[in-house]
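# Structural characterization, general
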Amino acid sequence: MAFFSCTVNEIGPAADGAETAEPVIYINLTDTGGSFANQWFYAAERSKAQMLSVGLAAMSTNRPVEAAIDTPNVPYSSVRRMYLMGPGSGGTKLAFSGNIIGTPTGGKILAPIDISPFAKIRFSVTTNGSGNIQFYLLSATDGQTQNGLSLDQFSLGTPDNLTRVYDVAGISLLIQIIPSDSNNQAIIAVYGA
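Because the structure is predicted, anything quoted here is derived from the model rather than measured.

What counts, and where the lines are drawn
- Residues numbered from 1 in each chain as written.
- Predicted model: local features only at pLDDT ≥ 70, side-chain atom pairs only at ≥ 80, totals over all residues.
- Heavy atoms only, no water.
- Helix = DSSP H or I, 4+ residues; strand = E, 2+ residues; numbered from the N terminus.
- Rg over C-alpha atoms; globule rule 2.2 N^0.38 Å.
- Buried < 20%, exposed > 50% of the residue type's maximum accessible area, 1.4 Å probe, protein only.
- Contact = heavy atoms within 4.5 Å.
- Polar contact = N/O pair within 3.5 Å; in protein donor to acceptor, adjacent residues only side chain to side chain.
- Core = buried A, V, L, I, M, F, W, Y, C linked by side-chain atoms within 4.5 Å.
- 1 Å grid on protein atoms, 1.4 Å probe; cavity = no way out; pocket = protein on both sides within 12 Å on 5 of 7 lines; lining within 4 Å.
- Points joined across faces, edges and corners; volume = space filled by probe spheres on them.
- Nonpolar A, V, L, I, M, F, W, Y, C, P; charged D, E, K, R; others polar.

Moving on, we get to the overall build of the protein. Secondary structure summary: the protein contains one helix and 14 strands in total. Over its C-alpha atoms the protein spans a radius of gyration of 18 Å, differing by no more than 12% from the 16 Å that the globule rule assigns to 193 residues. With respect to the three principal axes, the spread of C-alpha positions in the protein is 55 × 40 × 20 Å. Per-residue burial for the protein yields a buried fraction of 43% across its 193 residues. Of the contacts made within the protein by residues no fewer than 6 positions apart, 69% connect residues no fewer than 24 positions apart.

This brings us to the environment of arginine 63. As for its placement among the helices and strands, arginine 63 is situated in the loop between α1 (48–61) and β4 (65–69). Residue arginine 63 is classed as partly exposed on the basis of its relative accessible area of 23%. A sequence separation of 75 residues divides arginine 63 from leucine 138, and the C-alpha atoms of the two residues are 33 Å apart. One polar contact links the side chain of arginine 63 to the main-chain carbonyl oxygen of methionine 85, over a distance of 2.8 Å.

Moving on: the nonpolar core. In this structure, Phe123, Val125, Phe135, Phe154, Ile175 and Ile188 are the most contacted members of the largest nonpolar core, which totals 21 residues. Residue contacts for isoleucine 175: discarding those within four places in its chain leaves Lys108, Ile109, Leu110, Ile113, Phe123, Phe135, Tyr136, Leu137, Ile188 and Val190. If you look at the next biggest cluster of nonpolar residues, it comprises 20 residues, including Ile11, Ile25, Val65 and Ala67.

Here we come to the layout of surface pockets. What the largest pocket holds in volume is close to 300 Å³. Ala2, Phe4, Pro72, Asn73 and Ile187 are, among the 17 residues lining the largest pocket, the residues nearest its centre. Elements that contribute at least two residues to the lining of the largest pocket include exactly β1 (2–14), β6 (93–101), β9 (120–129) and β14 (184–192). For the lining of the largest pocket, the leading source of residues is β14, giving four residues. Along the lines of polarity and charge, the residues of the lining of the largest pocket split into ten nonpolar, six polar and one charged.

Okay, structure coming up:
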């Protein structure tokens, strides 16, 4: 599950949908960060009536929503959370999006991601494959490429997902990935606000 700042293009019920009990609430979203546009999703079963209300409010006030989506680029995947963003909110901007497959067990450090324009960043990752993947997040200053201030470190099993928000303490974000098995995938998105 990853979070996206989105515009709600369309939202409404369908009596003939199969993803949840009738009626299914379908939501057409566009990511303001540009990773998908006019993509159809459905509201998760346990909060579909509330998501319909949030979506209608977003459309009538011309405000973005923050949506937690299971698989963002797959039609009819589930929206698990949807929050109406405040007036004047610029939302978040996509700083990095990547699908990293088959990282060797020796690990790798991704190219530095420019986070200098942001006060906060949101790191989202979904893992697939086998084994565990260790992540190290560093906030670098002064053009550092191998060292920086440690923001976080954690290990995820596969499959798994995680989203965390951090205050920015540098000009670039360094992400180191160390898997326990070479059969791995990490779908990473970094948003700034």
